[in-house]
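In case you want the letters, here they are:
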Number of protein chains: 2
Amino acid sequence: MEAVAPLLPCGVATHGPPPGTDAYAAAGVDYALLDPGKRRAQEGAAGTTVQLARRGFAEVPGTRGESAYVVDAGDHYLATLAEGLGTKSLVADAVREITRRSHYEAVARDTVATILNDLATVGAVPLVVSAYWAAGTSEWFSDGGRMADLVRGWASACAEAGATWGGGETQAIEGIVAPGAATLAGAAMGIIRPKTRLLLGERVVPQDAILIAPASGIHANGLTLARRLAAALPQGYDTPVPGDPWGRGYGEVLLDPAPLYGPLIEALLDAGVALHYAVHVTGHGWRKLMRAGGALTYMIDCLPDVPPVLDFLRTQTGMSNAEAYGTFNMGAGFALYLPQGDVAQAQRVAGERGIGLLPAGRVEAGPRRVVLRPLDVTYDGASLQIR
Amino acid sequence: MEAVAPLLPCGVATHGPPPGTDAYAAAGVDYALLDPGKRRAQEGAAGTTVQLARRGFAEVPGTRGESAYVVDAGDHYLATLAEGLGTKSLVADAVREITRRSHYEAVARDTVATILNDLATVGAVPLVVSAYWAAGTSEWFSDGGRMADLVRGWASACAEAGATWGGGETQAIEGIVAPGAATLAGAAMGIIRPKTRLLLGERVVPQDAILIAPASGIHANGLTLARRLAAALPQGYDTPVPGDPWGRGYGEVLLDPAPLYGPLIEALLDAGVALHYAVHVTGHGWRKLMRAGGALTYMIDCLPDVPPVLDFLRTQTGMSNAEAYGTFNMGAGFALYLPQGDVAQAQRVAGERGIGLLPAGRVEAGPRRVVLRPLDVTYDGASLQIR
């Protein structure tokens with residue numbers, strides 16, 4: 001992956017207005033509308049915590065609002081979550097017209113990745129993944145080639161992450177899901193053992209280093225906007241993406257699946273790296289770096305290479321850097337928070353797996369915000385209302 | 001609930017042609033199309049079992065294809081699953097036009113019930129429920145009244161079942177989910193402790209009694225067909241349902257949520273009832289009674305009262321009994337399989353909870369089939385290709 005033109009070398013502060021209108025809201029996902037409902041659900045959920053004690057379990061303080069819900073099971077923790085792919089499968093459906101391939105192996109890998117990458121943020125290793133696939137028609141499931149791809153991708157991603165695919169549910173829900181489409185989602189259960197491997201936002205402290213694990217592309221976030229762009233391009237999904245080493249069209253490059261970051265987190269913990277926290281950079285883009293909450297400033301001095309497809313998206317839509325980094329991962333798949341003294345070891349362990357961890361910045365005492373110094377962009381705490 | 005006209009007293013064998021065309025397939029859910037995809041997924045999933053050993057866990061033999069996936073965790077079992085409501089929320093959306101109430105408290109209860117009733121079939125008590133709600137637009141989540149109902153129903157059902165609502169995901173997935181609609185689904189993790197409480201199909205033996213726990217209505221299965229009927233009725237969802245004690249319209253009666261059967265199963269096991277197996281009667285209706293598989297005949301001599309809404313549906317659509325019982329629960333929410341000697345105690349324990357368990361029949365050695373003697377209807381093994 002090569003460095004991309006409009007981004008500047010690390011440490012050079014430059015342009016970038018503060019976020020104005022939210023380009024992503026204009027493209028159909030408005031977090032100002034979504035987030036209050038999410039918060040209401042979080043409040044309702046918190047009221048049920050008392051039930052765990054009936055079963056001899058306990059909620060882990062601070063777990064509410066993390067990417068996975070963590071329960072104290074005595075000599076270990078259990079973590080659970082549910083997640084969905086979003087609209088990326090619609091890109092595969094459209095690209096199939098061009099390539100004559102279903103691309104559902106990649107779509108399945110992305111769905112499993114979005115589930116298991118969330119699970120990895122709390123330091124859990126996966127035990128079981130459940131699938132939930134709801135199509136608009138029964139016929140959707142009778143496309144044998146696509147189903148074979150979907151099953152192969154799901155199974156291989158589970159195996160690569162060390163998870164067992166336990167089962168799941170396939171439904172035809174006419175009138176809710178569009179006729180040719182499917183909602184692809186799932187759930188996971190994982191274990192944290194020994195308990196010292198638990199990662200929680202409240203463990204982040206000033207002076208922690210922030211390491212960035214690279215993204216492979218758009219992952220599963222921002223696809224609604226990406227699809228709008230395709231509709232506006234004369235060549236649509238067939239438009240070449242500058243910088244793609246294989247000369248592929250926009251649609252195919254969008255479909256590159258996200259990496260599974262869980263094995264990296266597991267390797268770091270196995271090696272004794274004192275990870276404090278990990279963030280899966282998804283909705284809200286780099287604003288997610290302050291997911292941990294608390295009065296902490298996340299000072300970024302160095303940005304990762306931007307995957308060509310994201311630079312293409314930003315350029316073509318005319319987004320400001322503030323909008324782009326507040327929406328897409330822009331090259332950051334995972335953010336890791338750890339003591340400065342453990343950075344070298346973490347980089348060595350990741351390097352052995354072929355992953356370059358970028359020392360991107362550090363945590364400082366100060367108002368809750370993310371500062372992207374190379375871009376002169378700041379996201380204040382109010383721009384991330386949920387965790 | 002009163003006995004419904006066309007059904008005859010227990011033990012009287014009568015009419016009923018064998019299943020012909022599948023009325024439910026004509027209404028948009030074709031299991032002949034759905035089931036091969038489901039089986040393909042089950043095969044793909046089975047290939048990942050080896051991963052559990054990496055974590056020090058093991059798959060429980062016979063768990064594949066049960067309603068929940070069960071893992072051996074040493075001194076206990078863990079069970080997980082994902083499930084979705086189907087299209088029942090569309091009924092609530094339509095009935096809101098009549099009643100000016102969202103009915104999403106009932107819809108939420110039904111979603112939790114469909115998840116946790118599946119979990120209960122393996123003898124697990126729930127620990128954590130995760131929500132997955134995917135709407136067609138961000139605006140869907142900003143209907144404060146509906147969201148409040150949804151959250152209240154979800155939380156109260158979790159609490160009633162003794163589960164903690166751990167969290168979940170809310171997504172807007174434009175282009176996949178219809179603009180005014182939402183896919184409502186979720187997942188659960190439960191525990192089976194002591195391990196003797198595990199329920200598995202392979203434990204069913206000849207001479208086991210079959211007890212039926214009553215259904216409250218249509219539950220979450222068969223709604224696509226039920227919605228087609230509403231569209232064909234001159235008064236639509238406002239059509240009175242004969243036998244409904246509150247004189248409500250068809251739409252409102254359809255929305256009666258399913259009971260949570262988990263606490264009943266838990267009470268039976270607590271009381272030492274030697275349950276062998278439990279079946280959540282959902283898709284495929286009474287054909288599900290042979291879910292356990294094996295060369296066993298499920299001989300039914302006595303049928304439960306049919307909820308008025310299901311009798312209305314059968315009458316209005318002109319379904320044969322074979323079609324109706326092969327599609328809807330027709331009054332059977334749960335089927336329990338246990339030694340004859342434990343029947344009286346099971347009925348006593350259920351009675352203390354206000355639940356009448358109907359001794360409906362027994363298991364016999366013989367070809368795999370379900371025989372509804374009062375209706376002269378037989379479903380052979382080939383009519384339930386999946387478990």
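Residues numbered from 1 in each chain as written. Chains lettered and ligands numbered in written order. Predicted model: local features only at pLDDT ≥ 70, side-chain atom pairs only at ≥ 80, totals over all residues. Heavy atoms only, no water.

Okay, the overall build of chain A next. Check the secondary structure of chain A and you find twelve helices and 13 strands. Computed over the C-alpha atoms, the radius of gyration of chain A is 20 Å, within 12% of the 21 Å expected from 2.2 N^0.38 for a compact globule of 387 residues. Sorting the 387 residues of chain A into buried and exposed places 65% on the buried side. Partitioning the intrachain contacts of chain A with sequence separation of at least 6 by distance along the chain shows that 81% fall at a separation of at least 24. Considering chain A, the positive charge centre built from 31 side chains and the negative charge centre built from 38 side chains are found 4 Å apart. (Helix = DSSP H or I, 4+ residues; strand = E, 2+ residues; numbered from the N terminus. Rg over C-alpha atoms; globule rule 2.2 N^0.38 Å. Buried < 20%, exposed > 50% of the residue type's maximum accessible area, 1.4 Å probe, protein only. Contact = heavy atoms within 4.5 Å. Lys, Arg positive; Asp, Glu negative; His and termini not counted. Charge placed at Lys NZ, Arg CZ, Asp CG, Glu CD.)

This structure, assessed with the given rule, holds 22 aromatic pairs over all chains. Between the aromatic rings of Tyr-298 of chain A and Tyr-337 of chain A, the centroid separation amounts to 5.9 Å while the plane-to-plane angle is 85 degrees, which identifies the pairing as edge-to-face. Taken together, the positions of Tyr-298 of chain A in strand E9 (residues 296–300) and Tyr-337 of chain A in strand E10 (residues 332–338) put the pair 39 residues apart, joining distant regions of the chain. We classify Tyr-337 of chain A as buried; its relative accessible area is 0%. Measuring from ring centre to ring centre gives 5.7 Å for Tyr-277 of chain B and Tyr-337 of chain B, while their planes differ by 45 degrees; the resulting arrangement is tilted. One end of the pair, Tyr-277 of chain B, is in strand E8 (residues 277–280); the other, Tyr-337 of chain B, is in strand E10 (residues 332–338), with 60 residues separating them in the sequence. Each member of the pair, Tyr-277 of chain B as well as Tyr-337 of chain B, carries the same accessibility label: buried. In this structure an aromatic cluster arises from ring pairing among Tyr-104, Trp-140 and Phe-141 of chain A. Seen from the ring of Tyr-77 of chain A, Lys-195 of chain A lies directly overhead, with NZ or CZ sitting 4.9 Å from the centre. Residue placement shows Arg-146 of chain B over the ring face of Tyr-104 of chain B; its charged tip is 5.6 Å from the ring centre. (Phe/Tyr/Trp six-rings, centres within 6.5 Å; stacked < 30°, edge-to-face > 60°. Lys NZ or Arg CZ within 6 Å of the ring centre and 35° of its normal.)

Residue and element names in this part refer to chain A. Counted by the stated rule, this structure contains 38 salt bridges over all chains. Asp-143 is the salt-bridge partner of Arg-146, the closest N and O atoms lying 4.0 Å from each other. Given the relative accessible area of 22%, Asp-143 is considered partly exposed. Within the structure, one salt-bridge network assembled from shared partners comprises Asp-301, Arg-362, Glu-364 and Arg-373. (Salt bridge = Lys/Arg side-chain N within 4 Å of Asp/Glu carboxyl O.)

Mapped onto the elements of the fold, Glu-66 of chain A is located in the loop between strand E1 (58–59) and strand E2 (69–72). Separated by 3.0 Å, the side chain of Glu-66 of chain A and the backbone nitrogen of Gly-201 of chain A make a polar contact. (Polar contact = N/O pair within 3.5 Å; in protein donor to acceptor, adjacent residues only side chain to side chain.)

Reports of interface size often rely on the accessible area that becomes lost once the parts have come together. Between chain A and chain B, the contact holds 82 residues from the first and 82 residues from the second. Each partner contributes to the roughly 6,500 Å² buried at the junction of chain A and chain B, and carbon and sulfur atoms together form 61% of this total. By the criterion of area lost to chain B, the three top residues of chain A are Arg-55, Glu-174 and Ile-176 of chain A, representing 12% of everything that side buries. Linking chain A to chain B there are six salt bridges. Close ionic contact of Glu-266 of chain A with Arg-55 of chain B constitutes a salt bridge, the shortest N to O distance being 2.6 Å. The interface formed by chain A and chain B holds 30 residue pairs in polar contact (both at pLDDT 80 or more) in total. The element contributing the most residues to the side of chain A that touches chain B is strand E5 (residues 164–172) of chain A, with nine residues. When its residues are assigned to classes, the side of chain A that touches chain B shows 43 nonpolar, 25 polar and 14 charged. (Buried area = accessible area lost by both parts, 1.4 Å probe. Nonpolar A, V, L, I, M, F, W, Y, C, P; charged D, E, K, R; others polar.)

Overlaying chain A on chain B yields an RMSD of 0.0 Å, the required transformation being a rotation through 180 degrees with an accompanying axial translation of 0.0 Å. In the structure described here, the two chain copies are related by an operation that fits a two-fold rotation axis. Every residue of chain A has its C-alpha some distance from the rotation axis, and the shortest such distance is that of Val-177 of chain A, at 2.2 Å. (Least-squares fit on C-alpha atoms with pLDDT ≥ 70 in both.)

All names here are of chain A. For chain A, the assigned domains read domain 1 (23–31 + 200–383) and domain 2 (67–197). Summarising the inter-unit geometry, the C-alpha centres of domain 1 and domain 2 are found 21 Å apart. Contacts between the two partners involve 30 residues from domain 1, matched on the other side by 31 residues from domain 2. Between domain 1 and domain 2, the buried area comes to about 2,600 Å², and carbon and sulfur atoms account for 62% of it. When the buried surface of domain 1 facing domain 2 is broken down by residue, Leu-255, Leu-260 and His-280 rank first, second and third, together holding 27% of it. Along the contact surface separating domain 1 from domain 2 lie two salt bridges. Residues Arg-101 and Glu-252 are paired through a salt bridge, measuring 3.0 Å at the closest nitrogen-oxygen approach. Remark: the boundary between domain 1 and domain 2 carries twelve residue pairs in polar contact (both at pLDDT 80 or more). Going through the elements one at a time, helix H7 (223–232), helix H8 (250–254), helix H9 (262–270) and strand E8 (277–280) are the ones with two or more residues in the side of domain 1 that touches domain 2. (Domains from an automatic or database assignment.)

A word on the side chain of His-219 of chain B. All names here are of chain B. Within the element layout of this structure, His-219 appears in the loop between strand E7 (209–214) and helix H7 (223–232). You can call His-219 buried: its relative accessible area is 4%. A polar contact is formed between the side chain of His-219 and the backbone nitrogen of Ser-216, at a distance of 3.0 Å.

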